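So you can see what is in the structure, the chains are spelled out below.
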Amino acid sequence: MTPRGVRSLSLQQCRELLETADTAALPALLRSLAGDRRAGVREAVAVARNRLRAREAEAARLEGLAALEEELRRGGYAVVAGIDEVGRGALAGPLTAGAVVLPAGLRIEGLDDSKRLTPECREHIAAAVRERCHACAVAHVDPGEIDAKGMSWAVREAMRRALDSIGCPVDHVVVDGLGVGLGIPETAVVGGDAKVAAIAAASVVAKVTRDALMVAHAADHREYLFEENKGYGTPEHLAAIAVHGLCPLHRRSFHPCEGTPPLF
């Protein structure tokens, strides 16, 4: 539609065009309406410009998230898996690791470090990751194993189990934090769950899976409110431990669980 034709539209028609235009078409539409002096159109144009800026910023952010994986692929690593763990600081429940291989060129809008997302956003993005990824796996290390062998071992073991379960050969892994030594080429990125797409995807999938597991466990251990705290040491959780002792899901080597008598 020509600029003259656009300006002949009603205010409502202009609003609908601006609200429904995709990112590719929106710049031309905004230029066509730039000279329209109607207050309602100018307001709608301002809103659309802000939306376009936000979309462009998100696209740039997602390109940044994909940069390391693309660099590794150019270096000859065809299959790059992102790995991350969740639940390290919890007093109860497993340590959970996710491993995800994303296809080259995939951009999942909103993908970010799981800690930055609302539960609803995490659920939505985890579903998108599972639907669109090349491969995905989640693995757990249970509290008894953590108590027996320590957290450093548990982190490496959870990541190894996730990688072993991913169902495809992996050429290179990118992990959050420090390197863990999984026996294949590895790149460690501090804060990687906010910097690398595959690590962020692994973080989200692991978090959603572990949270759902703790909600399921809550039905058998209602006094600890696992559906709310997911095993972390909230004041309510600590108070429940003081009154009821520990259940089988608690990590007995963790303060303040050590020395607390078991419930069972």
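Above this text you will find the structure in question.
Reading the values: the criteria
Sequence order as written defines residue numbering, which begins from 1 separately in each chain. Reporting in this predicted model follows two pLDDT cut-offs: at least 70 for local features of residues, and 80 or more for side-chain atom pairs to be given and counted; totals over whole chains, interfaces and linings ignore these cut-offs and use all residues. As a rule here, side-chain values cover all heavy atoms of the structure and leave hydrogens and water aside. Labels follow the DSSP assignment, with helices taken as runs of H or I lasting at least four residues and strands as runs of E lasting at least two, numbered in each case from the N terminus. Classification of residues uses two cut-offs on accessible area relative to the type maximum, computed with a 1.4 Å probe and protein chains only: under 20% is buried, over 50% is exposed, and between them is partly exposed. What is meant by a nonpolar core is a set of buried Ala, Val, Leu, Ile, Met, Phe, Trp, Tyr and Cys residues, joined one to another through side-chain atoms within 4.5 Å. Residues count as neighbours in contact if any of their non-hydrogen atoms are within 4.5 Å of one another. Helices are assigned an expected span. That span is 1.5 Å times one less than the residue count. Within this analysis, the arc is defined by the directions that extend from the helix axis to the C-beta atoms. When DSSP locates at least two bridges between a pair of strands, those strands are taken to pair. The angle between two axes is taken between their N-to-C directions and runs from 0 to 180 degrees, where each axis is a line fitted to C-alpha atoms and a helix contributes only its stretch in contact. The term salt bridge refers to a pairing of a side-chain nitrogen on Lys or Arg with a carboxyl oxygen on Asp or Glu at a separation within 4 Å. By convention the crossing between two helices is left-handed if the near helix lies anticlockwise of the far one by an angle smaller than a right angle, and right-handed if it lies clockwise. Asp, Glu, Lys and Arg are counted as charged, while Ala, Val, Leu, Ile, Met, Phe, Trp, Tyr, Cys and Pro are counted as nonpolar; the rest, among them Gly, fall into the polar class.

Draft legend 1. Inspection of unusual backbone geometry at higher detail. A positive phi is found at Leu-225, a non-glycine position, where the angle reads about 60°. In this fold, Leu-225 is placed in the loop between helix 8 (197–218) and helix 9 (226–229). Look at Leu-225 and you get partly exposed, because its relative accessible area is 26%. In this structure, Lys-230 is a non-glycine residue whose phi angle is positive, near 55°. Mapped onto the secondary structure, Lys-230 falls in the loop between helix 9 and helix 10 (235–244).

Draft legend 2. Spatial organisation of the nonpolar core. Within the largest apolar cluster, 39 residues are counted, with the highest numbers of intra-cluster contacts made by Ile-83, Val-101, Ile-166, Val-170, Val-173 and Phe-226. Secondary-structure elements contributing two or more residues to this core are strand 1 (80–86), strand 2 (95–101), strand 3 (135–141), helix 7 (151–164), strand 4 (172–176), helix 8 and helix 10. Ranked by residue count, the leading element in this core is helix 7, at 7 residues. Contacts of Ile-83, omitting those with residues within four sequence positions, involve Gly-98, Ala-99, Met-159, Leu-163, Val-173, Val-174, Val-175, Asp-176, Leu-182, Ile-199 and Ala-202. One finds Leu-62, Ala-198, Ala-200 and Ala-201 within the second-largest nonpolar core, a separate group that totals 21 residues.

Draft legend 3. Focus on helix 5 (residues 119–132). An ideal rise of 1.5 Å per residue puts 20 Å on 14 residues; helix 5 measures up with 20 Å between its terminal C-alpha atoms. Every buried residue belonging to helix 5 is among Arg-122, Ile-125, Ala-126, Ala-128 and Val-129, and all of these are buried. Buried residues in helix 5, looked at end-on, bunch into an arc of 165°, giving them a common side. Those residues of helix 5 that are exposed and angled more than 90 degrees off the buried face are Glu-120, His-124 and Glu-131. Structurally, helix 5 contributes buried residues whose contacts are with strand 2 and helix 8.

Draft legend 4. Representation of the sheet that holds strand 1 in the model. Taken in spatial order, the 5 strands of this open sheet run 3-2-1-4-5, and their pairing is mixed. Edge positions in the open sheet fall to strand 3 and strand 5 (186–189), since each of these has one partner strand only. The average undirected angle you get between the axes of adjacent strands in this sheet is 20°. Where strand 2 lies against strand 3, 7 bridges are found, and the strand directions are antiparallel. The residue of strand 3 that forms the bridge with Val-101 is Ala-135.

Draft legend 5. Just the pattern of salt bridges, in detail. One pass over the structure, following the stated rule, counts 16 salt bridges. For Asp-112, the salt bridge goes to Arg-116, with nearest N and O atoms at 3.6 Å. Across the pair Arg-160 and Asp-164 runs a salt bridge whose closest N-O atoms are separated by 2.5 Å. Separated by 4 residues within a single helix, Arg-160 and Asp-164 lie in helix 7, roughly one turn from each other. With a relative accessible area of 34%, Arg-160 lands in the partly exposed category. Salt bridges here are not isolated pairs; linked through shared partners, they connect Glu-145, Glu-157, Arg-160, Arg-161 and Asp-164.

Draft legend 6. Summary view of the packing of helix 5 against helix 8. As a packed pair, helix 5 and helix 8 sit with axes 9 Å apart at the nearest point and diverge in direction by 115°. Regarding helix 5 and helix 8, the two cross each other, and that crossing is left-handed. The segment helix 5 lies against helix 8, with Arg-122, Glu-123, Ile-125, Ala-126, Val-129 and Arg-130 engaging Ala-201, Val-204, Val-205, Lys-207, Val-208, Thr-209 and Asp-211. For the contact of helix 5 with helix 8, a count of residues per class yields 7 nonpolar, 1 polar and 5 charged.

Everything listed is a geometric property; what it means functionally is a separate question.
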